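Chains, contacts and geometry: an overview
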Amino acid sequence: MPEWSELLRARLASLRLDPAREAEILEELSQHLDQRRDELRRDGLADEAARRAAVAELDADALADWMRPLRQANVPPPVTPGTPRRSRLRDFRQDVRYAWRMLRKERGLTAAALLTLALGIGANGAIFALVDAVLLRPLPFPAPERLVMLWETTASSDRESVSPLNLIDWRDGSRAFENIAGFAPNVGGMVMAGADGTPEPVARQWSSAGIFDVLGVKPVAGRTFLRADDEQEGEVVVLSESFWRARFGGDSGVVGKSLRLDGEPWTVVGVVPDEAQIIGRADMWALIPIEGAPAEARGSHFFRAIGRLRAGATPESARAELDAISARLARDYPDTNAGRGVAIETLREAVIGGDLRRTSILFLGVVVFVLLICCANVANLLMTRSTRRARELAIRTSLGADRTRIIRQLLTESLLLSAIGGAAGIAIGALTLVLAPRLLPEEILPPTVTLAFDLRVVAFCALAALLVGCFFGLAPAWQAKDLSPASVLAGSSRTTTGRGGRVRAALVGAQVATAVILLFGAGLLLRTLLAVEGVERGYRARGVLTLLVDPHGRYYPNDGTLLRFYDEVAESVEAIPGVRAAAWATTLPLGRSYQGQTPFEIEGDAPLPEPQRPTADYQIVSDGYFRALDLPIVAGRAFDARDRAGSLPVAIVNEAFVRKHLRGRSPAGSRISIVSAQTGETEVREIVGVARQVKARPNETEDLIQVYVPLAQDTAGDVFLMVRPSRGSATPLAPSVREAIATIDREQIVGVRDVRTLDEIVWEATARHRMRAALVTAFAGLALLLAMIGVFGVIAYSVQQRVRDFGVRRALGATTGDLVRLVASSAARLVGTGAIIGLAVSAVVGRLLSSMLFGVAPLDLVTFAGVAAVIAVTAVVSTAGPAWRATLVDPAVALRDD
């Protein structure tokens, strides 16, 4: 030590150290110089040359600049007797200031870490807003836990719509409910004269009196429906607040006035907030009288029933009570109620639906995985930086800083980084929710579910930032806890701990495993989307334009006037240049049906009670329907001019009907007894043809039974006009089609809305599958990118640390291929371990996703192989750079510089 003391004291003089502290530093640095001189001697330098080289490495100015803030950070403040010490607060402020300086000093690393954290926290915040709205936030009604949805059940279905007369019996005979009411969603709209006199379609729901009382909705203006309105069969409506403000400027004077809807006067009795919309958006609710309904109404099922339980009542007790009422109704009305029961579920479960809940949980799990990968990447960055700062930390320890203080400093830097990243993530999450209405498919969220980036979401982001700050801050802090100042100061500048390298490798392996899991899930969802879109539609026409036409009103008082209107419109539209065919239908392939399922029986088969009868998708179509869709008739004939009102009632069935119900019998001449979804009356119809199966649902696993009846024999309103073009898409023909309708509708009371092509309807029908696949694939791609960046960083750092090793190998005759294989083998072990773990976990993930899959197995081998190939290719790309750099090592330079 004496031979170095004078030299070192001269270099440390400007620091004005405490004598005891100076003695400790002299001892540490002298040991370092002794060990460094001995290393240089072993490398072949003479004694004096080795001494001069060791001293030259200890640059005085750099050492002084480095040690000055460390010394100041560790000198205890003067203590005045009687004054409380505030060293912790002062130390915390110093730690924050020093952390800020360090983040500013390494701007590249800080920017990469902040971007990574902002994306991870922002994505989690946006998805948490969805999860909060879907799974956590209560419905916007008083005591929402007491609201339940009521269904009728049959042998073939556990969720059937409710008969209005059954609803009245449930309401009047139950003591578990305060009230029960019903509404009918998706029943089309009403036509109102717009501000310029043109017909304006208004979305409407039918509802019974008491629906708003059950929900606990208070009117914004006026009142809601009363039992007296029902008994008087008054034509009254309640407006939604948004429609009231947009159409009437929020004028409360509209209450009590009459609106001409469908050509008839309807009185506005009140305005309710938009939260009243349960299933399906509506601009207004029209009262449908059910008190005193005729007896045949018991066989008509179209209501969604909502009940409010009394305080203290449970769904179980209510179900037992309703079961007793249903049993009594089955005895009293066996023709309509035999075999019918009651099902109860919470209103939240009915509104949200299992599919949306599963989708929300899926997205939350995906973004949590992505956030963990972000944390691992930032932890790796900080561990690499802490390795470069080993000499700084060693000198701080030599100056008196204990390990606790060093760890606290590193955690402070991590928490400051996460706080800034969290703030940026909150901004990204808020922006994402602003754009969400444009990104999410239409109708994917129920009207009662609204996305909001409120204080709950901000608190979640703040908590996430705190947790991830601690998570990725623990890695460098744990690495530094066993730091030995003497060994670090005695070693070369490239020395690092083996433990730190193992931790970085473990983090990267976890990133690869997580990326594999997300890629596998994305692959399954993508293959599901391809399977859904690949299902044969049945019809061959493309570019078909559809318009929902609502001709109700006093100018079309009967079926004859409606049929003349339909015929004249179809004839006028077909006269438009570029139109090949026009037709009418109550249901569109993959689109909404205004008729729904209806029971039927095959003549000659043993009769079944009404609740046990099979049901068919009841579709009313015009003569030109099959030509407009280019839908093949595989047996028999299509409808034609013979199938008019008063002629033999006929029907066309689809292939699934023949396979399932005729079982080898010829469909020609077979007769079916079917309940008209339009009139509710039972009719016997002769089957005259068999149509090819038409896809009705995007993920149809079983063939849907379809029965077509002629529009002329069962005339309906709210029908779709389908326009098939001669070539291309019929979208440019939409203005001409509207003009053709207006020419026939001289009184301007016919509403036209929902103008779309069948291709657009198909796109919307698969929107949920597409959204799942797109979002999960995007997050999986981000996870893969982050994981491969991690692989690149670890391999590149390993190459940097092994420059001397590569130089020695080069000097001993190693070829370029040998070095590439050496680097590649390290990368292969790292990526291979993570990939194997990820693929093993993916087998479990596939089973968890099984309810969202269609046409693909949870353990799909193609997806496994695809993920393995993607990982292999990206691993090669991420390893190429470090491997190439290893081949450029010059043995002479490496051995001289190290």
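What follows covers the overall build of the chain. Across its full length, the chain carries 29 helices and 22 strands. Relative to its full complement of 898 residues, the chain shows a buried share of 50%. Contacts spanning at least 24 positions in sequence make up 81% of the contacts within the chain whose residues lie at least 6 apart. Counting only carbon and sulfur atoms, one obtains 57% of the accessible surface of the chain, whose full area is about 39,600 Å².

This part is about the environment of Ala-880. Relative to the elements of secondary structure, Ala-880 occurs in helix H28 (residues 861-887). On a C-alpha basis, the gap between Ala-880 and Phe-792 in space is 8.7 Å, while along the polypeptide they are 88 residues apart.

This brings us to the environment of Asp-630. Its location among the elements puts Asp-630 in the loop between helix H21 (625-629) and strand S16 (633-636). For Asp-630, a relative accessible area of 23% gives the class partly exposed. Spatially, the C-alpha atoms of Asp-630 and Arg-724 are 9.2 Å apart, while their sequence positions differ by 94 residues. Among all residues touching Asp-630, those that are not within four sequence positions of it are Tyr-539, Arg-540, Ala-541 and Arg-724. Within the structure, the side chain of Asp-630 is placed 3.1 Å from the side chain of Arg-540, a separation counted as a polar contact.

Before going further, it helps to spend a moment on the packing of aromatic side chains. A complete count under the given rule lists 14 aromatic pairs for this structure. Centroid distance Tyr-566 to Trp-584: 4.7 Å. Interplanar angle 45 degrees. Geometry classified as tilted. Of this pair, Tyr-566 sits in helix H20 (residues 559-574) while Trp-584 is found in strand S13 (residues 579-585), placing the two residues 18 residues apart along the sequence. For the pair shown, Tyr-566 and Trp-584 are each scored as buried. Following the ring pairs from residue to residue traces out a cluster consisting of Tyr-625, Phe-626, Phe-639 and Tyr-708. One Lys or Arg, Arg-247, reaches over the ring of Phe-248 and ends 5.4 Å from the middle of that ring. Over the face of the ring belonging to Tyr-333 we find Arg-298, whose NZ or CZ atom lies 3.9 Å from the ring centre.

Enumeration according to the criterion identifies 26 salt bridges in this entry. Between Asp-172 and Arg-171 there is a salt bridge whose closest N-O contact spans 3.0 Å. Residue Arg-171 is classed as buried on the basis of its relative accessible area, which comes to 12%. One salt bridge in this structure joins Arg-637 and Asp-643, with 3.0 Å as the shortest N-O distance. Arg-637 sits in the partly exposed class, given a relative accessible area of 22%. Judged by its relative accessible area of 2%, Asp-643 falls in the buried class. Taken together, the shared-partner salt bridges connect Asp-132, Arg-137, Asp-454 and Arg-456 into one network.

What follows covers the state of the cysteines. This model, assessed by the stated rule, comprises 0 disulfides. Just so you know, Cys-374 is unpaired, no disulfide at all, and the nearest cysteine sulfur is the one on Cys-375, 6.9 Å from it.

The next thing to look at is the pairing of strand S8 (residues 264-272). In terms of strand pairing, strand S5 (residues 221-222) meets S8 through 2 bridges, oriented antiparallel. Considered in S8, the bridge of Ala-221 is made with Val-271. Both strand S6 (residues 236-240) and S8 contribute to a ladder of 5 bridges, which runs parallel. Paired with Val-237 across the strands is Val-268, a residue of S8. Where strand S7 (residues 258-261) and S8 come together, 4 bridges link them in antiparallel fashion. Bridge pairing links Leu-261 to Glu-264 in S8.

One finds Phe-212, Phe-225, Ile-306 and Leu-347 to be the most contacted residues of the largest nonpolar core, which totals 91 residues. In terms of residues, this core owes the most to one element, helix H25 (residues 767-801), which gives 14 residues. Here Phe-212 is in contact with Val-217, Thr-224, Phe-225, Val-238, Val-272, Ala-276 and Trp-285, once residues within four sequence places are set aside. In terms of nonpolar packing, the next biggest core, distinct from the first, is built from 46 residues, Leu-662, Ala-730, Ala-734 and Ile-741 among them.

Looking now at the confidence of the model for the chain. This prediction gives the chain a mean pLDDT of 80; 83% of its residues lie at or above 70. Averaged over each element, pLDDT in the chain is lowest for helix H4 (residues 60-74) (49) and highest for strand S10 (residues 304-309) (93). Ignoring residues within four places in sequence, the model shows residues 69-86, a span with pLDDT below 50, making 19 contacts including any to other chains. Across residues 492-499, confidence stays below pLDDT 50; counting only partners more than four residues off in sequence or on other chains, it has 14 contacts.

Time to look at the packing of helix H27 (residues 816-848) against H28. Relative to each other, H27 and H28 sit at 150 degrees, their axes nearing to 9 Å. With respect to H28, the element H27 is oriented roughly antiparallel. You can see that H27 and H28 cross each other, and the crossing is right-handed. Together, Thr-816, Leu-819, Val-820, Val-823, Ala-824, Ala-827, Val-831, Ala-835, Leu-839, Ser-842 and Ala-843 of H27 and Phe-864, Val-867, Ile-871, Ala-875, Thr-879, Pro-882, Ala-883, Ala-886 and Thr-887 of H28 make up the contact between the two elements. Counted by class, the contact of H27 with H28 contains 16 nonpolar, 4 polar and no charged residues.

Turning our eyes to something else, we now look at the side chain of Ser-207. Here Ser-207 shows up in strand S4 (residues 199-207). With relative accessibility at 0%, the residue Ser-207 sits in the buried group. When neighbours within four sequence positions are excluded, Ser-207 is seen to be in contact with Gly-182, Phe-183, Phe-225, Trp-285, Ala-286, Leu-287 and Ile-288.

The next thing to look at is a nonpolar patch on the surface. Taken together, the side chains of Leu-415, Leu-463, Leu-466 and Leu-467 define a hydrophobic patch exposed on the protein surface, amounting to about 350 Å² of accessible area. The element contributing the most residues to the nonpolar patch is helix H17 (residues 455-480), with 3 residues. In this structure, Leu-466 sits in helix H17.

Attention shifts here to the side chain of Arg-685. Mapped onto the elements of the fold, Arg-685 is located in strand S19 (residues 682-691). A distance of 2.9 Å separates the side chain of Arg-685 from the backbone oxygen of Val-650, its partner in a polar contact. A distance of 2.7 Å separates the side chain of Arg-685 from the side chain of Gln-713, its partner in a polar contact.

This part covers helix H11 (residues 315-332). For H11, which comprises 18 residues, the first-to-last C-alpha distance of 25 Å matches the rise-based estimate of 26 Å (1.5 Å per residue) to within 8%. Among the structural elements, strand S1 (147-153), helix H7 (164-173), strand S2 (177-184), S10, helix H12 (334-337) and strand S11 (341-346) are those in contact with the buried residues of H11.

What follows is about the packing of helix H26 (residues 803-811) against H27. Helix packing for two helices is described by the angle between their axes and how far apart those axes are. Running from N to C, H26 and H27 cross one another at 145 degrees; their axes reach a closest spacing of 10 Å. Taken as a pair, H26 and H27 cross one another with a handedness that is right-handed. Counted together, Phe-806, Arg-809 and Arg-810 of H26 and Thr-816, Leu-819, Leu-822 and Val-823 of H27 form the full contact between these two elements.

Reading guide: rules and limits
Positions within a chain are numbered from 1, following the residues in the order the chain's sequence is written. A pLDDT threshold of at least 70 governs which residues receive local features in this predicted model, and a stricter bar of 80 or more applies before side-chain atom pairs are shown or counted, although totals over entire chains, interfaces and linings include all residues. Side-chain calculation: all heavy atoms of the structure are included, whereas hydrogens and water are not. To qualify as a helix, a DSSP run of H or I must reach at least 4 residues; to qualify as a strand, a run of E must reach at least 2; elements of each kind are numbered from the N terminus. Partly exposed residues are those whose accessible area sits between 20% and 50% of the maximum for their type, while under 20% is buried and over 50% is exposed, using a 1.4 Å probe and protein chains only. Throughout, a residue-residue contact means that at least one pair of heavy atoms, one from each residue, lies within 4.5 Å. Note on areas: Shrake-Rupley with a 1.4 Å probe; residue coverage comes only from the protein chains shown. Side-chain atoms alone can form a polar contact between residues adjacent in sequence; in general such a contact is a pair of N or O atoms within 3.5 Å, and within protein one must be able to donate a hydrogen while the other accepts it. Only centres within 6.5 Å qualify two rings of Phe, Tyr or Trp (six-membered ring in Trp) as a pair; their planes then separate them into stacked at under 30 degrees, edge-to-face at over 60, and tilted for everything else. Lysine and arginine charges are scored as sitting over a ring when NZ or CZ, respectively, is within 6 Å of the ring centre and within 35 degrees of the ring normal. Whenever Lys or Arg places a side-chain nitrogen within 4 Å of a carboxyl oxygen from Asp or Glu, that contact is recorded as a salt bridge. Only a pair of cysteine sulfur atoms within 2.5 Å counts as a disulfide in this structure description. Here the rule is simple: two strands pair whenever DSSP picks up at least two bridges between them. Grouping buried Ala, Val, Leu, Ile, Met, Phe, Trp, Tyr and Cys residues that are joined through side-chain atoms within 4.5 Å yields what is termed a nonpolar core. A score from 0 to 100, pLDDT tells how confident the predictor is in each residue. Axis definition: a line fitted to C-alpha atoms, over the contacting stretch in the case of helices. Angles run 0 to 180 degrees between N-to-C directions. Angles below 35 degrees are treated as roughly parallel, those above 145 as roughly antiparallel, those between 65 and 115 as roughly perpendicular, and all remaining angles as oblique. Crossings are sorted by hand: turned counterclockwise from the far helix by less than a right angle, the near helix makes the crossing left-handed, and turned clockwise it makes it right-handed. Polarity classes work like this: nonpolar for Ala, Val, Leu, Ile, Met, Phe, Trp, Tyr, Cys and Pro, charged for Asp, Glu, Lys and Arg, and polar for all others, with Gly in that last group. Patch criteria: residues need more than 30% relative accessible area and no salt bridge. Like-charged residues are merged within 9 Å; nonpolar side chains of Val, Leu, Ile, Met, Phe, Trp and Tyr are merged within 5 Å. Expected span of a helix, by definition, is 1.5 Å for each gap between consecutive residues, and there is one gap fewer than residues.

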